[in-house]
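Structural overview for review
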Amino acid sequence: MSRLLALPRVRDAILGAALLCAAAALMLWPKEAMEAARDGLTLCANVIVPSLFPFFVLSSLVVELGLAGYLGKLLEGVMRPLFRVGGPCASAVALGFIGGYPVGARTALSLYQKGLCTRTEAQRLLAFCNNSGPAFILGVVGAGVFASSRAGVLIYLAHAAASVCVGLLFRFYGREKGGKEGHAPPCICTTSFPAAFTTAVRDSFLSTLNICAFVVFFTVVIRLLTLSGVLTGLADVLGALLAPLGLDALWSRRLLTGALELTSGVSTLMSGGSLTGRLSMAAFLLGWAGLSVHCQVLSFLGESDLSPRTYLMGKFLHGVLSALFTAALARVFPLGAPVSALLAQQVDDLAALDFSTALSLSTVAAWVTFLAFLLLSAAALGKKSGHTCRRML
């Protein structure tokens, strides 16, 4: 089968048939396709733009102003033993946990392009730095889908732990050319703040529009696949294959939907089936992130020589580990128990945020993170200058 698909004529024939079917579906269900596009645009306006744009600007400023390099001098002793990457990579890990998809991957690519990490380190970093943000898991998934902030806390703990485990496992991936590792970057190149800020805002806006385009596209695709019955047919086939694992057609349909677009897949888990099973599948989908997020990341990687193989392997492993950790935590900490009562009270209303509120919270979080980078970088510079003075004495 793989040899057959490798033939250019076969690939072109399949692609042509798919495009004809897509055109026919748009003509058969034009109203439904327009409604799906509106839903995707609403999602972009209320969630994607306000949550991602400030962090895209932040990630660009951290790299362009040289803060990642200065921070690397301070955290080299932590990142190198744990994840076998340089200290500057800490910025991608931190922003990946706070900013959500695909801020971590974009920051990792920026570090590689600036020469702050090697190609092998960038490949390791891509495997575990592209994570879901806490606002989405705690608010949309926990409070919105499961009507329980404690469920969101439980899933987020499993999500974060699985990401760290993937990073620890991928420290064994690859070797640098010549067998040399742990070398410092040759220099820290900085840009003036006006130039860095102008570039960051422009590039971040274009990146955000790129992501919104993929979100709207996959929202329409899922709606058309559902109306045409293709998604149901694929779910039946997948359900037959996964029957030994206890997944029927309903669970297979949820899995397929989430594998294509994360938000649509998670929204199908509001009811039906055991709570532990729904939590575990939500954790897997959040770890896997969905084809829509992968296309967003691949659009960035297309500008470099980084291979998407490591990234995809890391995301699949992240999903599996997240599901296992969530199932284990659900047994240890029942949802009736106070997993984190204080945090649960703070995230009850996140799922219902409007654009202005979401943008304000995201901007504040981005600035707080930016100030933290400034303070840590200042500490690294102060420590370096102290060592220099002692050498002079």
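A separate point is the overall build of the protein chain. The helix and strand inventory of the protein chain stands at 18 helices and zero strands. Counting over 393 residues, the protein chain shows a buried share of 44%. Summed over its atoms, the accessible surface of the protein chain is roughly 18,900 Å², and 69% of this surface lies on carbon and sulfur atoms.

Before going further, it helps to examine the pattern of salt bridges. Counted under the stated rule, the structure contains four salt bridges. For Arg202, the salt bridge goes to Asp203, with nearest N and O atoms at 3.4 Å. Arg202 gets classed as partly exposed once you look at its relative accessible area, which sits at 47%.

Quick look at helix H5 (residues 90-99) now. Every α-helix winds through 3.6 residues per turn, so residues three or four apart in the chain are directed the same way. By the criterion of burial, H5 is predominantly enclosed, with eight of the 10 residues buried. Listing the buried residues of H5 in full gives Ala90, Ser91, Ala92, Val93, Leu95, Gly96, Phe97 and Gly99. Of the residues one or two after H5, Gly100 is the one with positive phi, at around 85°.

Moving on, we come to the side chain of Gln296. Its location among the elements puts Gln296 in helix H15 (residues 291-301). Among all residues touching Gln296, those that are not within four sequence positions of it are Pro102, Ile211, Phe214 and Val215.

Glancing now at the side chain of Thr208. Within the secondary structure, Thr208 is located in helix H10 (residues 193-228). When near neighbours in sequence (up to four residues on either side) are disregarded, Thr208 contacts Val49, Phe53 and Phe56.

Let us now look at the packing of aromatic side chains. Applying the stated criterion to the full structure yields four aromatic pairs. Here the aromatic rings of Phe217 and Phe218 are separated by 5.3 Å at their centres, their planes lie at 85°, and the arrangement is edge-to-face. Phe218 gets classed as buried once you look at its relative accessible area, which sits at 7%. In this structure, Arg171 packs its charged tip against the face of Phe172, placed 5.3 Å from the ring centre. When the ring centre of Trp251 is taken as origin, the NZ or CZ atom of Arg254, which lies over that ring, is 4.7 Å away.

Before going further, it helps to spend a moment on unusual backbone geometry. Across residues other than glycine, the phi torsion is negative in most instances, and most of the peptide bonds are trans. Backbone geometry places Arg84, a non-glycine residue, at a positive phi of 60°. By the element assignment, Arg84 lies in the loop between helix H4 (67-83) and H5.

A surface patch of nonpolar side chains, amounting to about 280 Å² of accessible area, comprises Val78, Leu82, Val164 and Leu168. Secondary structure elements with two or more residues in the nonpolar patch: H4 and helix H9 (149-169). One can find Val164 in helix H9.

With that settled, the discussion passes to the environment of His294. If you trace the backbone, His294 turns up in helix H15. Given a relative accessible area of 2%, His294 falls into the buried group. On a C-alpha basis, the gap between His294 and Phe214 in space is 9.8 Å, while along the polypeptide they are 80 residues apart. The residues contacting His294, other than those within four sequence positions of it, are Trp288, Ala289, Tyr311, Leu312 and Lys315.

In this structure, Leu111, Leu125, Phe146, Ile155, Leu269, Leu285 and Leu286 are the most contacted members of the largest nonpolar core, which totals 87 residues. With 13 residues, the single largest contributor to this core is helix H3 (residues 30-64). Setting aside its immediate chain neighbours within four residues, Leu125 contacts Cys89, Ala92, Val93, Ala108 and Leu111.

Our focus in this paragraph is the packing of H9 against helix H14 (residues 275-288). Contact geometry for H9 and H14: axes closest at 10 Å, N-to-C directions at 45°. Considered as vectors, H9 and H14 are oriented oblique to each other. Considering the relative orientation of H9 and H14, their crossing is right-handed. Between H9 and H14, the contacting residues are Ala151, Ile155 and His159 on the first element and Leu279, Ala282, Ala283, Leu286 and Gly287 on the second. Its residues assigned to classes, the contact of H9 with H14 shows six nonpolar, two polar and no charged.

Our focus in this paragraph is the packing of helix H11 (residues 230-241) against helix H12 (residues 249-260). Two elements in contact, H11 and H12, have axes whose closest approach is 8 Å; the angle formed by their N-to-C orientations is 115°. Where H11 crosses over H12, the two elements pack in a sense that is right-handed. Contact residues: H11 offers Leu231, Thr232, Leu234, Ala235, Asp236, Leu238 and Gly239, while H12 offers Ala249, Ser252, Arg253, Leu255, Leu256 and Thr257.

One can find Ser91 in helix H5. Given a relative accessible area of 0%, Ser91 falls into the buried group. In this structure, the C-alpha to C-alpha distance between Ser91 and Leu71, residues 20 residues apart in sequence, is 7.9 Å.

This part takes up the confidence of the model for the protein chain. Considering every residue of the protein chain, the mean pLDDT works out to 78; 78% of them sit at 70 or more. Counting interchain partners and residues more than four positions distant, the pLDDT-below-50 stretch residues 337-352 has 24 contacts. Below pLDDT 50 for its whole length, residues 385-393 participates in zero contacts with residues either more than four positions away or in separate chains.

What counts, and at which threshold
Throughout this document, residue positions are counted from 1 along each chain, in the order its sequence is written. Owing to the predicted nature of the model, reporting of local features is limited to residues with pLDDT of at least 70; listing and counting of side-chain atom pairs is limited to 80 or more, with chain, interface and lining totals taken over all residues. With hydrogens and water excluded, all non-hydrogen atoms of the structure serve as input to the side-chain values. A run of H or I in DSSP counts as a helix once it spans at least four residues, and a run of E counts as a strand once it spans at least two, with each numbered from the N terminus. Each residue is assigned to one of three classes by its accessible area relative to the maximum for its type, calculated with a 1.4 Å probe on protein chains only: buried under 20%, partly exposed between the two thresholds, exposed over 50%. All accessible-area figures derive from a Shrake-Rupley calculation using a 1.4 Å probe, and residue coverage is judged against the displayed protein chains alone. Whenever a carboxyl oxygen of Asp or Glu lies within 4 Å of a side-chain nitrogen of Lys or Arg, that contact is scored as a salt bridge. Contacts were defined at the residue level, with two residues in contact if any of their heavy atoms lie within 4.5 Å. Pairing of aromatic rings covers Phe, Tyr and Trp, the last through its six-membered ring, and needs centres within 6.5 Å; plane angles under 30 degrees mean stacked, over 60 mean edge-to-face, and all others mean tilted. By definition here, charges over rings are those cases where NZ of Lys or CZ of Arg is within 6 Å of the ring centre and within 35 degrees of the ring normal. Surface patches are defined over residues having more than 30% relative accessible area and no salt bridge, joining like charges when they lie within 9 Å and nonpolar side chains (Val, Leu, Ile, Met, Phe, Trp, Tyr) when within 5 Å. The term nonpolar core refers to a set of buried residues drawn from Ala, Val, Leu, Ile, Met, Phe, Trp, Tyr and Cys, joined through side-chain atoms within 4.5 Å. Axis definition: a line fit to C-alpha positions, over the contact stretch in the case of helices; interaxial angles, taken between N-to-C directions, run 0 to 180 degrees. When an angle is under 35 degrees it counts as roughly parallel; over 145 it counts as roughly antiparallel; between 65 and 115 it counts as roughly perpendicular; any other value is oblique. By definition, turning the near helix anticlockwise from the far helix through less than a right angle yields a left-handed crossing, and turning it clockwise yields a right-handed one. For this classification, the nonpolar set comprises Ala, Val, Leu, Ile, Met, Phe, Trp, Tyr, Cys and Pro, the charged set comprises Asp, Glu, Lys and Arg, and every other residue, Gly included, is treated as polar. Scored from 0 to 100, pLDDT records how confident the predictor is in each individual residue.

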